[in-house]
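Tertiary structure, described
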Amino acid sequence: MTDSERYSRPDEDAGERLDRQWNELLQELRLAQTGTQILFAFLLSIAFQNRFQDADAFTHGVYAVTLIASALAVGLFLAPVSFHRIVYRHKIRDRMLPVANRMAIGGLVFLVLAMAGGVLLALDVVLPRAIAILIVVLVLLWFAVFWYAVPAWVRRTSASGESGR
């Protein structure tokens, strides 16, 4: 049984279900894209600040990783749009949807890294580095619990065994 067959409504056929799932994914991507693009734009501006030029190698390294993670998140969040344009009218939404879903999940992973890097860059300015790193580890754990562990637990313990998609 495919993912698209696990969750269905009695009044929708397979095509309508795929269309609904595609629209749900697009709605989620719209939210993620906007925030990630704003973060990416903000990160781009940091490198051109005079104070940043004087920062140490650690800060520059965190910045580079954060900027790249943000760019990769943007790329993965936009990839389903490009994918759809390229395969539009080829009637392969059943193949496109699982791939686009994985792109979105990958984008979320890079977004978590970018968020953590952004928090570390900011906290490193106002707190001792060790405390800033500890707080970022806690932030990463928070994301891991609410973005991944809780959904995985709900999925695993679901009485119906459905993936929830």
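Not measured: the values here are computed from a predicted model.

A word on the pattern of salt bridges. Taken as a whole, this structure holds 3 salt bridges when the rule is applied. Here E24 ties to R20 by a salt bridge, and the two come within 3.1 Å at their closest N and O atoms. Of the two residues, E24 and R20 both sit in helix α2 (residues 14-46), 4 residues apart, roughly one turn of that helix. Judged by relative accessible area, E24 falls into the partly exposed class, the value being 33%. The shortest N-O distance in the salt bridge between D56 and R129 comes to 2.9 Å. Residue D56 is located in the loop between α3 (50-53) and α4 (57-87), and its partner R129 is located in helix α6 (residues 129-157); the two are separated by 73 residues in the primary sequence. Given the relative accessible area of 34%, D56 is considered partly exposed.

Attention shifts here to the packing of aromatic side chains. Scanning the entire structure with this criterion turns up 4 aromatic pairs. When the centroid spacing of 4.9 Å and the interplanar angle of 45° are considered together, the rings of W142 and F146 count as tilted. With W142 and F146 both in helix α6 and 4 residues apart, the pair spans about one turn of that helix. For F146, a relative accessible area of 46% corresponds to the partly exposed category.

With that settled, the discussion passes to α4. Here α4 spans 44 Å end to end across 31 residues, near enough to the 45 Å set by a 1.5 Å rise per residue. By the largest-angle criterion, L78 marks the main kink of α4, which is about 35°, and a proline, P80, follows within four residues. Phi turns positive one or two residues past the end of α4, at R89, with a value near 70°.

Across soluble globular proteins, you tend to see nonpolar side chains buried next to one another. Core analysis: the biggest nonpolar cluster contains 33 residues, and W22, L25, L43, Y63 and F77 have the highest contact counts within it. Contributions of two or more residues to this core are made by α2, α4, α5 (93-126) and α6. Among the elements that line this core, the one with the most residues is α5, at 11 residues. Excluding its chain neighbours within four sequence positions, the residues that come into contact with F77 are L29, A32, Q33, T36, A104, G107, L108 and L111.

Next up on the list: α6. Its 29 residues place the ends of α6 40 Å apart at the C-alpha level, agreeing with the 42 Å of an ideal helix rising 1.5 Å per residue. Of all the bends in α6, the largest measures some 40° and sits at V145. Residues A132, V136 and F143 constitute the buried set of α6. Among the structural elements, α5 are those in contact with the buried residues of α6.

How each quantity is defined
- Residues numbered from 1 in each chain as written.
- Predicted model: local features only at pLDDT ≥ 70, side-chain atom pairs only at ≥ 80, totals over all residues.
- Heavy atoms only, no water.
- Salt bridge = Lys/Arg side-chain N within 4 Å of Asp/Glu carboxyl O.
- Helix = DSSP H or I, 4+ residues; strand = E, 2+ residues; numbered from the N terminus.
- Buried < 20%, exposed > 50% of the residue type's maximum accessible area, 1.4 Å probe, protein only.
- Phe/Tyr/Trp six-rings, centres within 6.5 Å; stacked < 30°, edge-to-face > 60°.
- Expected span 1.5 Å × (residues − 1).
- Bend = angle between axes of the 7 residues up to and from the residue.
- Core = buried A, V, L, I, M, F, W, Y, C linked by side-chain atoms within 4.5 Å.
- Contact = heavy atoms within 4.5 Å.

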